[in-house]
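# Tertiary structure, described
Listed here are the chains, written in short residue letters.
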Amino acid sequence: MSTRKAAVIDMGTNTFHLLLVEISNGDFKTIYKEKIPVKLGQGGINQDQIAQDALKRAYHTLRHFRNLIDGEKIEHIFAFATSAVRNAKNGSEFVQEVKKTLDIDINVISGKQEAQLIYEGIKLSGSLNGQTELMMDIGGGSVEFIIGTSQEAIWKESFEIGGQRLLELFHHHDPILPEEVLRLYSYLEEKLAPLLEAVQQFKPTSLVGASGTFDTLTDIYFESMLQCKLTGQHVFELPSEEFHRIHQMLVTMDREERLKIPGMIPMRVDMIVVASTLIDFILRYIPVQSITCSHYALKEGAISTLLTEVSSH
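Residues numbered from 1 in each chain as written. Predicted model: local features only at pLDDT ≥ 70, side-chain atom pairs only at ≥ 80, totals over all residues. Heavy atoms only, no water.

This paragraph deals with the overall build of the protein. Each helix and strand in the protein was counted, giving 12 helices and 11 strands. Radius of gyration (C-alpha) of the protein: 19 Å, near the 20 Å computed for a compact globule of 313 residues. Summarising its shape, the C-alpha atoms of the protein cover approximately 50 × 45 × 40 Å along the three principal directions. Within the protein, buried positions represent 55% of all 313 residues. (Helix = DSSP H or I, 4+ residues; strand = E, 2+ residues; numbered from the N terminus. Rg over C-alpha atoms; globule rule 2.2 N^0.38 Å. Buried < 20%, exposed > 50% of the residue type's maximum accessible area, 1.4 Å probe, protein only.)

Here is the structure:
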């Protein structure tokens, strides 16, 4: 079977990811990957607008990605845009402009499609072990929840309560104030009512977090244990008590102190407080000994879909 190359661009609200892969025999090899904190949602997400300087950063990054793709002579480009573009009044204008200037077709995907792709990515990583699990992916604009098994996604939903939105709505003091945390909890209780019902109904027994915040939390945990993550490992376990220890640290420190935590990365330092609070909230409803962290998410889900397409031709 022939080898073909493909590029996947995942345009998140906070981060743009580029993944260049070589596909053959139903498997893929990463040629190159890069992530850039474009912060597309900054300064306008709660007004359903992409701010001018955010657009500038986006074009700049996509032009850079286009050069890398051309350098590898890749023709198949799969580009996805999620929450920020999905909800922005100037989103379709942005999509047209990118098509015109860079010849990249952007798929603006729905929350449900996004959740399905995240599920495919988590499944591809080998994180699922046969029981009913709750999977979550905390983006900058939206948060996806999937309840399912290694066979299928039984329930899935996307909520427009991503890190950038929560940051602008609740995290106004640094360190975050206890009352801001409490307001955030009651907001989540209201917004996530459909999820909490589904948890009651399907009774998932484990929690799987996809990429982003979960990557950073496991990095902090591994650093504190003075261990290294193994290259090529896609699944990590974060004991719940370790999560709670790190969470306590995050809600009591200011930005400067958070930046000094070994394993922290600058692009995550602002959003991580509200993101960690969201995980803490979820753990109240689904008591687990440890959180499974999948390094794979949306972009790998897209590749998983490509693998299926390629092997069926």
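Once that is clear, we can look at helix H9 (residues 240-252). With 13 residues, H9 extends 18 Å between its outermost C-alpha atoms, agreeing within 8% with the 18 Å of an ideal straight helix rising 1.5 Å per residue. Contacts made by the buried residues of H9 are with helix H6 (178-191), helix H8 (213-224), strand E10 (235-239), helix H10 (255-259), helix H11 (272-283) and strand E11 (290-294). (Expected span 1.5 Å × (residues − 1). Contact = heavy atoms within 4.5 Å.)

Rolling a probe over the atoms, with the probe sized like a water molecule, indicates the empty space that remains. Computed from the structure, the largest pocket encloses a volume of approximately 500 Å³. Lining the largest pocket are 34 residues; nearest its centre among them are Asp10, Thr15, His17, Ser211 and Gly212. The residue inventory of the lining of the largest pocket, partitioned by class, reads eight nonpolar, 15 polar and 11 charged. Approximately 290 Å³ is the volume found for the second largest pocket. Taken together, 19 residues line the second largest pocket, and the ones lying closest to its centre are Lys33, Asp215, Gln233, Phe236 and His295. Among the elements of the structure, strand E3 (27-36) and H8 are those that each provide at least two residues to the lining of the second largest pocket. Per element, the largest residue contribution to the lining of the second largest pocket is four residues, and it comes from E3. (1 Å grid on protein atoms, 1.4 Å probe; cavity = no way out; pocket = protein on both sides within 12 Å on 5 of 7 lines; lining within 4 Å. Points joined across faces, edges and corners; volume = space filled by probe spheres on them. Nonpolar A, V, L, I, M, F, W, Y, C, P; charged D, E, K, R; others polar.)

It is worth spelling out the nonpolar core at this point. Ranked by size, the top nonpolar core spans 52 residues in total, and within it Phe145, Leu192 and Ile282 carry the most contacts. Counting residues per element, this core draws most heavily on H11, which supplies nine residues. In this structure, Ile282 is in contact with Leu134, Met136, Phe145, Leu192, Leu195 and Leu207, ignoring residues within four places of it in sequence. Counting residues in each nonpolar core, the second largest holds 28 residues, with Ile50, Ala58, Phe65 and Ile69 among its members. (Core = buried A, V, L, I, M, F, W, Y, C linked by side-chain atoms within 4.5 Å.)

Let us look at the packing of H8 against H9. At their nearest, the axes of H8 and H9 sit 10 Å apart, and the two run at 105° to each other. Between H8 and H9, the angle falls in the class roughly perpendicular. Contact residues: Leu217, Ile220, Tyr221 and Ser224 in H8; Glu242, Phe243, Arg245, Ile246, Met249 and Leu250 in H9. The class makeup of the residues in the contact of H8 with H9 is seven nonpolar, one polar and two charged. (Axes fitted to C-alpha atoms, helices over the stretch in contact; angles between N-to-C directions. Parallel < 35°, antiparallel > 145°, perpendicular 65-115°, else oblique.)

This paragraph deals with empty space enclosed by the protein. Inspection of every chain in the model, using the stated rule, returns one cavity of 30 Å³ or more. Looking at the largest cavity, its volume works out to about 40 Å³. Around the largest cavity sit Leu40, Gly41, Gly44, Ile45, Asp48, Gln49, Ser83, Ala84, Asn87, Ala88 and Arg165, which together line it.

A cis amide bond links Asp174 to the next residue, Pro175, at an omega of 0°. Counting through the fold element by element, Pro175 comes out in the loop between helix H5 (163-170) and H6. Residue Asn25 is not a glycine yet carries a positive backbone phi of 50°. Following the sequence through the fold, Asn25 ends up in the loop between strand E2 (16-24) and E3. Accessibility expressed as a relative area gives 58% for Asn25, which makes it exposed. Even without a glycine there, the phi angle at Ser211 is positive, about 40°. You can see Ser211 is positioned in the loop between strand E9 (206-210) and H8. Residue Ser211 is classed as buried on the basis of its relative accessible area, which comes to 14%.

Let us now look at the pattern of salt bridges. Under the definition given, this model contains 15 salt bridges. Notably, a salt bridge pairs Glu97 with Lys100, separated by 3.7 Å at the nearest N-O pair. Note that Glu97 and Lys100 are positioned in helix H3 (residues 91-102) at a spacing of three residues, about one turn of the helix. Between Asp270 and Arg255 there is a salt bridge whose closest N-O contact spans 2.7 Å. Remark: Arg255 occurs in helix H10 and Asp270 occurs in the loop between H10 and H11; sequence separation between them is 15 residues. Taking relative accessible area as the criterion, Asp270 reaches 23% and is therefore assigned partly exposed. With a relative accessible area of 33%, Arg255 lands in the partly exposed category. (Salt bridge = Lys/Arg side-chain N within 4 Å of Asp/Glu carboxyl O.)

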